[in-house]
Amino acid sequence: MTLHYPYLIIGGGMTADAAVRGIREVDPTGAIGLIGDELDPPYARPPLSKALWKGEAFESVWRKTGDVGVDLHLGRGATSLELCGKRVVDDRGAAYTYDKLLLATGGRPRRLTFGRDVIYFRTLDDYRRLRALAAPGKSFAVIGGGFIGAEIAAALALQGCRVTMLFPGEGIGARVFPLDLARFMVGYYREKGVDVHPGETVTGQRQSGPQTVLETRSGLTVTVDVVVAGIGILPNSDLAEAAGLEVADDIVVDEHLRTSNIDVFAA
């Protein structure tokens, strides 16, 4: 059986939710289908590294996308896109056709070239896993000095955890902040109890009983209970590229978010 939608969205994040609401502003009744690879319905992502750690209710993350009239096909990944037939197939073999398609596929975390049992913090499941581990006194290494690394380090420190930050830059947020501010942030985090090590590139990982030992290029070793990495993301453009859409680092669009195919959009 093939399901047909005037509007089909691939992706289950905040962009997909915003698109559903935008469609409803101009078409109150047209059928919308949404394919999302997470089992959870669309949720707000910023609270995962901010408000939830400060006591905000877990229920506050839900976007309530289903309330505005959309068929949610969750826990499914789109595996093929046929532009000529306007057809999408998911990893369970279900097929969908569309009049207009939005690719809201987001990104996936960059991963280390070594190690295992690293939490690459991005999804609600990642939050659930990390929150369950974040007991007072437990030790964590946070690899990465960007927004995610900084926010996760702060969140864990708020829970009374022992936190070590490791990153190659000169300061926290050095890619986006002026250098003086990035260096100031290092001192600020240290004042809050975080053991910050700028200029350190993690090169290896090994187990020592139940704990993990990280090794850096300079020879520093750090032994912790849990490793979390926030080292950026890569765009999920594989589906678009395989379908023959124009891709250059990510999916290429015009000023109206239209791809190289007139009926396919990306955001």
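Everything that follows concerns the structure shown earlier in this document.
Residues numbered from 1 in each chain as written. Predicted model: local features only at pLDDT ≥ 70, side-chain atom pairs only at ≥ 80, totals over all residues. Heavy atoms only, no water.

Engineer: Sorry if this is basic, but what is going on with the environment of L81 here?
Structural biologist: Considering the arrangement of structural elements, one finds L81 in strand β4 (residues 78-82). Taking the C-alpha atoms as reference points, L81 and A243, separated by 162 residues in sequence, lie 5.6 Å from one another. For L81, the contacting residues outside a window of four places in its chain are R87, V88, Y98, L101, L239, A243 and L245. (Helix = DSSP H or I, 4+ residues; strand = E, 2+ residues; numbered from the N terminus. Contact = heavy atoms within 4.5 Å.)

Engineer: Whenever I open this one, the sheet that holds strand β11 (residues 195-198) confuses me. Can you help?
Structural biologist: Picture the strands of a sheet paired through backbone hydrogen bonds; they go either parallel or antiparallel. Here five strands make up an open sheet; going across it, the order is β8-β15-β9-β10-β11 and the pairing parallel. The sheet is open, and its two borders are formed by β8 (118-120) and β11, each paired with just one other strand. Direction aside, the axes of adjacent strands within the sheet are offset by 20 degrees on average. Examined bridge by bridge, strand β9 (residues 139-143) and strand β10 (residues 162-167) share five bridges and lie parallel to one another. From the neighbouring strand, V142 faces β10, where its bridge partner is M165. (Pairing = 2+ DSSP bridges. Axes fitted to C-alpha atoms, helices over the stretch in contact; angles between N-to-C directions.)

Engineer: What's the story with the packing of aromatic side chains in this structure? I'm lost.
Structural biologist: Both the distance between ring centres and the angle between the ring planes are used here to describe each pair of aromatic rings. By the definition in use, this model includes six aromatic pairs. Centroid distance F147 to F177: 6.1 Å. Interplanar angle 85 degrees. Geometry classified as edge-to-face. Highlighted residues: F147 in helix α3 (residues 147-158) and F177 in the loop between β10 and α4 (179-191), separated in sequence by 30 residues. Judged by relative accessible area, F147 falls into the exposed class, the value being 52%. Taking 6.3 Å as the distance between ring centres and 25 degrees as the angle between the ring planes, the aromatic pair formed by F184 and Y188 counts as stacked. Residue F184 and its partner Y188 are both found in helix α4; the two are separated by four residues, about one turn of the helix. Among the aromatic residues, those joined into a cluster by ring pairs are W53, F58, W62 and Y127. (Phe/Tyr/Trp six-rings, centres within 6.5 Å; stacked < 30°, edge-to-face > 60°. Buried < 20%, exposed > 50% of the residue type's maximum accessible area, 1.4 Å probe, protein only.)

Engineer: What's the story with the side chain of T212 in this structure? I'm lost.
Structural biologist: Inspection of the secondary structure assignment puts T212 in strand β13 (residues 211-216). T212 sits in the buried class, given a relative accessible area of 8%. For T212, the side chain forms a polar contact with the side chain of Q207, separated by 3.0 Å. The contact partners of T212, leaving out residues within four places of it in the chain, are Q205, R206, Q207, V222, T223, V224 and V227. (Polar contact = N/O pair within 3.5 Å; in protein donor to acceptor, adjacent residues only side chain to side chain.)

Engineer: Is there a simple way to think about the nonpolar core in this case?
Structural biologist: Proteins that are soluble and globular tend to have nonpolar side chains buried together. Judged by nonpolar contacts, the single largest core of 30 residues is most densely connected at L130, L156, M165, I172 and Y189. Elements represented by at least two residues in this core include exactly α2 (124-133), β9, α3, β10, α4 and β15 (226-229). The dominant element in this core, judged by the number of residues it contributes, is α3, at five residues. Among residues more than four places away in sequence, those in contact with I172 are G145, A150, M165, F167, F177, A182, M185, V186, Y189 and V196. By size, the runner-up hydrophobic cluster in this structure holds 17 residues, among which are Y5, L101, L239 and A240. (Core = buried A, V, L, I, M, F, W, Y, C linked by side-chain atoms within 4.5 Å.)

Engineer: What is the right way to read the sheet that holds strand β12 (residues 202-208) from this model?
Structural biologist: One open sheet accounts for three strands, arranged β12-β13-β14; its pairing is antiparallel. Where the open sheet ends on each side, the last strands, each with one partner, are β12 and β14 (221-224). Between one strand axis and the next, the sheet turns by 20 degrees as a mean value, whatever way the strands run. Examined bridge by bridge, β12 and β13 share six bridges and lie antiparallel to one another. Looking at β13, one finds that V202 is bridged to T216.

Engineer: Got a minute to help me understand the environment of T2 in this structure?
Structural biologist: Within the secondary structure, T2 is located in strand β1 (residues 2-10). T2 sits in the partly exposed class, given a relative accessible area of 42%. Spatially, the C-alpha atoms of T2 and A95 are 4.9 Å apart, while their sequence positions differ by 93 residues. The contact partners of T2, leaving out residues within four places of it in the chain, are A95, Y96 and T97.

Engineer: Which parts of the structure should I look at to understand the layout of surface pockets?
Structural biologist: Unfilled space is identified by rolling a water-sized probe across the atoms. Each pocket or cavity is described by its volume, and for the largest pocket that value is around 910 Å³. Residue lining of the largest pocket: 37 residues in total, with G144, G146, G230, I231 and G232 positioned closest to the centre. Secondary structure elements with two or more residues in the lining of the largest pocket: α3 and β10. Here the element with the most residues in the lining of the largest pocket is α3; it accounts for four residues. The calculated volume of the second largest pocket comes to roughly 780 Å³. Lining the second largest pocket are 37 residues, with D37, T105, G106, G107 and N236 positioned closest to its centre. Only α1 (14-26), β2 (32-36), β7 (107-109), β8, α2 and α5 (238-243) provide two or more residues apiece to the lining of the second largest pocket. Of the residues in the lining of the second largest pocket, the class split is 14 nonpolar, 12 polar and 11 charged. (1 Å grid on protein atoms, 1.4 Å probe; cavity = no way out; pocket = protein on both sides within 12 Å on 5 of 7 lines; lining within 4 Å. Points joined across faces, edges and corners; volume = space filled by probe spheres on them. Nonpolar A, V, L, I, M, F, W, Y, C, P; charged D, E, K, R; others polar.)

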